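Observations on the three-dimensional arrangement
So the chains spell out like this:
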Amino acid sequence: MTSGERARYWQYPELPGVDLLHARYVRKVFARHTHETFVFAAVTEGVEAFHYRDDLVRTGPGQVALVNPDTPHTGHAGVPEGWTYRTIYPDAEIVRSIAADVLALRGSVGFTLPVVDDPAAARLVVGVHRAAEEGNALAADTMLRLVTARLLRGHGGLISPLPPRTAGGRNAARARAVLEDRMVAPPTLERLATDLGTSPFALLRAFRDAYGMPPHTWLTDARVRRARRLLDAGTPPAAAAAAVGFTDQSHLSRHFTRSVGVPPGAYQRARGTGGRAS
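Keep in mind that what you see is a predicted model, and the values were worked out from it rather than measured. All residue numbers here refer to positions counted from 1 along the written sequence of the relevant chain. In keeping with the model being predicted, local features are shown solely for residues with a pLDDT of at least 70 and side-chain atom pairs are shown and tallied solely at 80 or more, while totals for entire chains, interfaces and linings include all residues. Calculation of side-chain values draws on the structure's entire complement of heavy atoms; hydrogens and water are dropped beforehand.

1. Section: the packing of aromatic side chains
Given two aromatic rings, their pairing is described by the distance between the two centres and the angle made by the two planes. Any two of the Phe, Tyr and Trp rings considered here, Trp counted by its six-membered ring, make a pair once their centres fall within 6.5 Å; the pair's planes then place it as stacked at under 30 degrees, edge-to-face at over 60, or tilted in between. Counted under the stated rule, the structure contains 11 aromatic pairs. Measuring from ring centre to ring centre gives 5.3 Å for Tyr 9 and Tyr 267, while their planes differ by 55°; the resulting arrangement is tilted. With Tyr 9 in strand β1 (residues 6-10) and Tyr 267 in helix α10 (residues 264-270), this residue pair connects regions lying 258 residues apart in the sequence. When the ring of Phe 38 is compared with that of Phe 111, the centres are 5.8 Å apart and the planes differ by 85°; the resulting orientation is edge-to-face. Taken together, the positions of Phe 38 in the loop between β3 (29-33) and β4 (39-46) and Phe 111 in strand β10 (residues 109-111) put the pair 73 residues apart, joining distant regions of the chain. Of the two residues, Phe 38 and Phe 111, both sit in the buried class. One Lys or Arg, Arg 8, reaches over the ring of Trp 10 and ends 3.8 Å from the middle of that ring. Here the guanidinium or amino end of Lys 28 rests over the ring plane of Phe 30, the centre of that ring lying 4.8 Å away. Runs of E in the DSSP output that reach at least two residues are strands. Runs of H or I that reach at least four are helices, and both are numbered from the N terminus. Summary of the burial criterion: residues with accessible area below 20% of their type's maximum are buried, those above 50% are exposed, and those between are partly exposed, where the area comes from a 1.4 Å probe applied to protein chains only. Charges are assigned to positions over rings by a cutoff of 6 Å between ring centre and Lys NZ or Arg CZ, combined with an angular limit of 35 degrees from the ring normal.

2. Looking at the sheet that holds strand β7 (residues 63-67)
What links the strands of a sheet is backbone hydrogen bonding, and the strands pair in either a parallel or an antiparallel sense. Here, strands pair whenever DSSP counts at least two bridges between them. Taken in spatial order, the six strands make up an open sheet running β1-β2-β9-β4-β7-β11, and their pairing is antiparallel. Both outer strands of the open sheet, β1 and β11 (115-117), are each paired with one neighbouring strand and no more. The sheet shows a mean angle of 15° between the axes of neighbouring strands, direction not considered. Lines fitted to C-alpha atoms define the axes, with helix axes restricted to the stretch in contact, and inter-axis angles between N-to-C directions lie between 0 and 180 degrees.

3. What about helix α1 (residues 92-103)?
Here, expected helix span is obtained from the residue count minus one, scaled by 1.5 Å. When the terminal C-alpha atoms of α1 are compared, their 16 Å separation across 12 residues agrees well with the 16 Å that a helix rising 1.5 Å per residue should span. Those residues of α1 lying buried are Ala 92, Ile 94, Val 95, Ile 98, Ala 99 and Ala 100. Here a residue-residue contact requires only that any non-hydrogen atoms of the pair lie within 4.5 Å. On its buried face, α1 is in contact with β2 (18-25), β4, β9 (83-90), β10 and α3 (137-155). By the criterion applied in these results, polar contacts are pairs of N or O atoms within 3.5 Å in which, for protein atoms, one can donate a hydrogen and the other can accept it, and in which residues neighboring in sequence qualify only through two side-chain atoms. Of the residues flanking the start of α1, the one acting as N-cap is Asp 91, its side-chain oxygen 2.8 Å from the backbone nitrogen of Glu 93. Downstream of α1 by one or two residues, Ala 104 has phi in the positive range, about 55°.

4. Here we look at the pattern of salt bridges
In the sections that follow, a salt bridge refers to a side-chain nitrogen of Lys or Arg positioned within 4 Å of a carboxyl oxygen of Asp or Glu. Taken as a whole and judged by the stated rule, the model has 10 salt bridges. Glu 93 is the salt-bridge partner of Arg 96, the closest N and O atoms lying 3.1 Å from each other. Of this pair, Arg 96 and Glu 93 both sit in helix α1, three residues apart, roughly one helical turn. Its relative accessible area of 43% is what places Glu 93 among the partly exposed residues. Close ionic contact of Arg 176 with Glu 180 constitutes a salt bridge, the shortest N to O distance being 3.5 Å. Here the residue Arg 176 and the residue Glu 180 both occupy positions in helix α4 (residues 167-181), the gap between them amounting to four residues, near one helical turn. Owing to a relative accessible area of 23%, Arg 176 belongs among the partly exposed residues under this scheme. What emerges from the salt-bridge pattern is a single network uniting Glu 36, Asp 70, Arg 225 and Arg 229.

5. Observations regarding the layout of surface pockets
The way it works is a 1 Å grid over only the protein atoms, where trapped points that fit a 1.4 Å probe form a cavity and open points with protein on both sides within 12 Å along at least five of seven lines form a pocket, and then any residue with an atom within 4 Å of a point lines it. Grid points are joined across faces, edges and corners, and a volume is the space filled by probe spheres set on the points. By volume, the second largest pocket amounts to about 190 Å³. Lining the second largest pocket are Asp 19, Thr 34, His 35, Glu 36, Thr 37, Arg 225, Arg 228, Arg 229, Asp 232, Tyr 267 and Arg 271. Broken down by element, the lining of the second largest pocket gets its largest block of residues, four residues, from helix α7 (residues 215-232). Amino acids are sorted into nonpolar (Ala, Val, Leu, Ile, Met, Phe, Trp, Tyr, Cys and Pro), charged (Asp, Glu, Lys and Arg) and polar (every other residue, Gly among them). When grouped by side-chain class, the residues that make up the lining of the second largest pocket number one nonpolar, three polar and seven charged.

6. Observations regarding the nonpolar core
Grouping buried Ala, Val, Leu, Ile, Met, Phe, Trp, Tyr and Cys residues that are joined through side-chain atoms within 4.5 Å yields what is termed a nonpolar core. The biggest cluster of nonpolar side chains holds 44 residues, and the ones touching the most others in it are Tyr 85 and Trp 218. With six residues, α7 is the single largest residue contributor to this core. Non-local contacts of Trp 218, meaning those with residues more than four positions away in its chain, are made with Arg 176, Leu 179, Glu 180, Phe 207, Tyr 211 and Met 213.

7. Comments concerning the packing of α7 against helix α9 (residues 249-260)
Between α7 and α9, the least distance of the axes is 10 Å, while the angle of their chain directions is 95°. The angle between α7 and α9 places the two elements in the roughly perpendicular class. Contact residues: α7 offers Thr 220, Val 224, Ala 227, Arg 228 and Leu 231, while α9 offers Leu 252, His 255, Phe 256, Ser 259 and Val 260. Taken together, the residues that form the contact of α7 with α9 break down as six nonpolar, three polar and one charged. Note on terminology: angles under 35 degrees are roughly parallel, angles over 145 are roughly antiparallel, angles of 65 to 115 are roughly perpendicular, and the others are oblique.

Here it is as structure tokens:
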């Protein structure tokens, strides 16, 4: 990692379904990627800039960046000195259960803005981290629920994703299913389009409209996400790389670090899953 940069990606056992990242980045650039979880990120120093869908937004101290599951975004320094932040990645089911309990919202919930000015929420995000670091399970769980409820009340609501109705949308969904099934040996864009009865550029446009990135970028992101699940299960990084279609461990490490923020080995050690049999 670049001199002056540091990152810890970990889990606190008393907060199941929640990942934590505490990092300082200066030259770090996150590739366009998605998460299966929500993202609550509180910057404590500096400024982070990131592309969220088609917009470039910035977040600094006193603000919280909010990213819904499966939403493409990037990340880089918004000022020369970089940024320091604490991030919570709560599983979607946790957020849904809090929404149902506190706001009587049942179904798919999400946030409407990528950045909100909410110093109290930012302090709660930091508080979850500090409580977890101190081993204070009651405080960590309490503040997680308080910050989620606060953000949902002020900036969230029900989200009803529409099924693809156009031929292009249906082709994009079918292409995604093929890529998920053939992750290790994916077809070319031309072969994929031919098998779906469309043209390469028509499929490319439809896929980008549906998923916010072209098929090859989506495939890299999907490989990283699947590799994370394998690493969580104790699979060694080299074996995980081969299982998802990367050429070798260094290939996995390069893309994993650009999406997650830490190399796969460090990720696995911090979560206590390294060394177990795959």
